[in-house]
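One letter stands for each residue in the lines below.
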Amino acid sequence: MTVTAIVDDARPVGRPLTANRLPTWAPAAVAVGSIALGCGIGAAAGLASHLQWGLLSGTLFLLISYGLAARVEGRRQAKDRFATSVVWVAFIMAVVPLVALTVYTVQQGIAVVDGNFLSHSMKGVLQSGPGGGIYHALIGTLQQVALATAIAAPIGLLTAVYLVEYGRGKLAKAVTFFVDVMTGIPSIVAGLFILSLWNLALGFSYSGFSGSLALAILMMPVVVRSTEEMLKLVPNELREASYALGVPKWKTILRIVLPTAIGGITTGVMLAVARITGETAPVMMLVFGADYINNNPFDGPQQSLPMYIWTQYSQVNNQYGYARAWGAALVLIAFVMALNLIARGIARWRSPKTGH
């Protein structure tokens, strides 16, 4: 019996060699039809929330995609298309709220943000009246976040280096356990700890530095975990090659391991900075807030952008306070976005160059 005959005998009866395929524009057409049908059903059913319309459209998209693919391409290909559709629906569900939040913040705050808003404080300005700005809050946020980063980033980096390169036994397990616990502690707990230790027990007054200590506690475990994962991704072959040339371990870590992982480490630090930039509870407890400019973070109360937003928005029926709050929120979002762009630039600049 020839090979051709064997292949012909193994082929399922009635099954063509090439199965039918949906056209490339089919997913887009199904998506448009699902959105139209979902919005129509939502409007006919009297559903007031557009979120419900979106959920209906996503569900219809999944069902129609699977049914159409099962009929034309077979159940196996239909399952693959269904999994792909689930990924796309989940992606859209994650992106739409972020885009809506950003667009709404820009719409509400763009009318307030100008040179006067960025260069003036609230000193001598009525909370219920126009005018005022966020200069004092911007200075406070920059100083507090910078101090917290200067404290947390080196400690977190060295802790991660210890856990990956040196840590063995019970001590390393204990450090890993407590880092994991610290990752999930509420910000109010960190504020209470610094308030009890730094302010009440040691007698220091309210200041931006007190808030930075609490922010550093929140930032440290994020730096440790992200740096630890990046260091684990460095191939062991690079370390072994360095050891084979007689390079000491500390110099191998400094010259080989850290430069290889610097892109991920920088990104992790920036994520930690973004994590603490919007914290309000520790600032309220330790920095106390002020409506004037205080350029000394080690003496006297300061303001920060998150606390400024809360203070302005907490005033009932105050259109000027609401406008200032949205303007400060827009500046805060722009600040975090700028940090991420800087992190990407540093990571690309310091990452190892590929070559042949």
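Per chain, residues are indexed from 1 in the order of the written sequence. It should be noted that, the model being predicted, local features are given only for residues of pLDDT at least 70 and side-chain atom pairs only at 80 or more, the latter also being counted only at that level, while totals for whole chains, interfaces and linings use all residues. Excluded from the side-chain calculation are hydrogens and water; included are all heavy atoms of the structure.

Asks: Which parts of the structure should I look at to understand the overall build of the chain?
Replies: Strands here mean DSSP runs of E at least two residues long; helices mean DSSP runs of H or I at least four residues long; both are numbered from the N terminus. When you go through the chain residue by residue, the secondary structure sums to 14 helices and zero strands. Ordered by position from N to C terminus, the α and β elements of the chain give α-α-α-α-α-α-α-α-α-α-α-α-α-α. The reference for a compact globule is 2.2 Å times residues^0.38; the radius of gyration itself is calculated from the C-alpha atoms. Relative to its length of 356 residues, the chain is extended, with a C-alpha radius of gyration of 28 Å against a globular reference of 21 Å. Think of it in three bands: with a 1.4 Å probe and only protein chains considered, a residue is buried below 20% of the maximum accessible area for its type, exposed above 50%, and partly exposed in between. Every one of the 356 residues in the chain was classed for burial, and the buried ones make up 37%. Two residues form a contact once any of their heavy atoms are found within 4.5 Å. Of the contacts formed within the chain by residues at least 6 apart in sequence, a portion of 69% connects residues at least 24 apart.

Asks: Sorry, what's going on with empty space enclosed by the protein here?
Replies: A probe as big as a water molecule, rolled over the atoms, marks out the empty space that is left. Throughout, the protein atoms alone are placed on a 1 Å grid, and a set of points is a cavity if a 1.4 Å probe fits but cannot get out or a pocket if it is open with protein on both sides within 12 Å along at least five of seven lines; lining residues have an atom within 4 Å of a point. Grid points are joined across faces, edges and corners, and a volume is the space filled by probe spheres set on the points. If you walk through the whole model with that rule in mind, you get two cavities of 30 Å³ or more. Looking at the largest cavity, its volume works out to about 40 Å³. Along its surface, the largest cavity is lined by T141, Q144, V145, L215, I276, T277, E279, V283, S304 and P306. The leading source of residues in the lining of the largest cavity is helix α6 (residues 135–166), at three residues. Of the volumes computed, that of the second largest cavity is approximately 40 Å³. What lines the second largest cavity is simply H136, I139, G140, Y292, N294, Q302 and Q303. Residue classes in the lining of the second largest cavity are distributed as two nonpolar, five polar and no charged. Ten residue types, Ala, Val, Leu, Ile, Met, Phe, Trp, Tyr, Cys and Pro, are classed as nonpolar, four, Asp, Glu, Lys and Arg, as charged, and the remainder, Gly among them, as polar.

Asks: Which parts of the structure should I look at to understand the packing of aromatic side chains?
Replies: Each aromatic ring pair is described using two quantities: the centre-to-centre distance and the angle formed by the ring planes. Paired rings are identified among Phe, Tyr and Trp, the last through its six-membered ring, by centres lying within 6.5 Å, and are further divided according to the angle between planes into stacked (under 30 degrees), edge-to-face (over 60) and tilted (the rest). By the definition in use, this model includes 10 aromatic pairs. Here the aromatic rings of F209 and F298 are separated by 5.2 Å at their centres, their planes lie at 35°, and the arrangement is tilted. Residue F209 is located in helix α9 (residues 208–232), and its partner F298 is located in the loop between α12 (281–286) and α13 (305–313); the two are separated by 89 residues in the primary sequence. Through pairs of rings, three or more aromatic residues link up here, namely Y104, Y313, Y322 and W326. Working rule: Lys NZ or Arg CZ, within 6 Å of ring centre, within 35 degrees of ring normal, means a charge sits over the ring. Its guanidinium or amino end placed over the ring of Y166, K249 lies 4.6 Å from that ring's centre, counting from NZ or CZ.

Asks: Explanation requested: the confidence of the model for the chain in the structure shown.
Replies: Regions with low pLDDT carry predicted coordinates that are not meant to be interpreted in detail. As a per-residue measure, pLDDT reflects the predictor's confidence and takes values from 0 up to 100. When pLDDT is averaged across the chain, the result is 86; 92% of the residues are at 70 or more. Taken as a whole, residues 1–15 scores under 50 in pLDDT and shows three contacts with residues more than four places along the chain or in a different chain.

Asks: Would you explain the environment of A325 in this entry?
Replies: Looking at the element boundaries, A325 is found in helix α14 (residues 319–350). Remark: the alpha-carbon pair of A325 and H136, spanning 189 residues in sequence, is separated by 14 Å. Each residue touching A325, except ones within four places of it in the same chain, is listed here: I309, Q312 and Y313.

Asks: Even after reading the chapter, I still don't get the nonpolar core, so can you show me in this structure?
Replies: A general tendency of soluble globular proteins is for nonpolar side chains to be buried together. I194, M219, L231, V269, V273 and I276 are the most contacted members of the largest nonpolar core, which has 38 residues in total. Those elements that place two or more of their residues in this core are α6, α8 (187–201), α9, α11 (249–277), α12 and α14. Here the element with the most residues in this core is α9; it accounts for 11 residues. Residue contacts for V273: discarding those within four places in its chain leaves V145, T149, M219 and L339. Judged by nonpolar contacts, the second largest core, of 13 residues, contains F117, A137, I309 and A328. Note on terminology: a nonpolar core comprises buried Ala, Val, Leu, Ile, Met, Phe, Trp, Tyr and Cys residues joined through side-chain atoms within 4.5 Å.

Asks: What am I meant to see in the pattern of salt bridges here?
Replies: Side-chain pairing between opposite charges can occur once the charged atoms of the two side chains come close. The term salt bridge refers to a side-chain nitrogen of Lys or Arg lying within 4 Å of a carboxyl oxygen of Asp or Glu. Tallying each qualifying case throughout the model produces seven salt bridges. D180 serves as the salt-bridge partner of R225, at 3.4 Å between the closest nitrogen and oxygen. Within this pair, whereas R225 is found in helix α9, its partner D180 is found in helix α7 (residues 169–183), the two being separated by 45 residues in sequence. Salt-bridge contacts for R275 lead to E279; the nearest nitrogen and oxygen are separated by 2.4 Å. R275 sits in the partly exposed class, given a relative accessible area of 29%. A cluster of three or more residues bridged by salt bridges with shared partners is formed by D180, R225, E228, E229 and K232.

Asks: Mind showing me how you'd approach the layout of surface pockets here?
Replies: Taken as a whole, the largest pocket encloses approximately 620 Å³ of empty space. Elements supplying a minimum of two residues to the lining of the largest pocket: α2 (26–44), α3 (50–72) and α4 (75–109). Looking at the lining of the largest pocket residue by residue, the classes come out as 13 nonpolar, six polar and no charged. Taken as a whole, the second largest pocket spans an internal volume of roughly 230 Å³. Lining the second largest pocket are L98, L101, T102, L332, I333, V336 and M337. Elements with a minimum of two residues in the lining of the second largest pocket: α4 and α14.

Asks: Looking at this structure, how should I read the packing of α3 against α4?
Replies: Working note: a packed helix pair is described by the angle between its axes plus the distance between those axes. Close contact between α3 and α4 brings their axes to 8 Å; oriented N to C, the two are set at 160°. As summarised for this structure, α3 and α4 are arranged roughly antiparallel, according to the angle between their axes. Taken as a pair, α3 and α4 cross one another with a handedness that is right-handed. Along its contact with α3, which presents L55, G58, F61, L62, S65, Y66, A69 and A70, the element α4 presents R75, A78, K79, R81, F82, S85, V86, V89 and M93. Grouping the amino acids of the contact of α3 with α4 by side-chain chemistry returns 11 nonpolar, three polar and three charged. The axes are straight lines fitted to the C-alpha atoms, using for helices just the contacting stretch, and the angles between their N-to-C directions are given from 0 to 180°. We call two directions roughly parallel when the angle between them is under 35 degrees, roughly antiparallel when it is over 145, roughly perpendicular when it lies between 65 and 115, and oblique otherwise. For any helix crossing, the convention is left-handed if the near helix is rotated counterclockwise from the far helix by under a right angle, and right-handed if that rotation is clockwise.

Asks: Please clarify how the packing of α6 against α13 should be interpreted in this entry.
Replies: Two elements in contact, α6 and α13, have axes separated by 8 Å at closest approach and are oriented at 145°. Side by side, α6 and α13 meet where H136, A137, L138 and T141 of the first sit next to L305, P306 and Y308 of the second. Of the residues in the contact of α6 with α13, the class split is five nonpolar, two polar and no charged.

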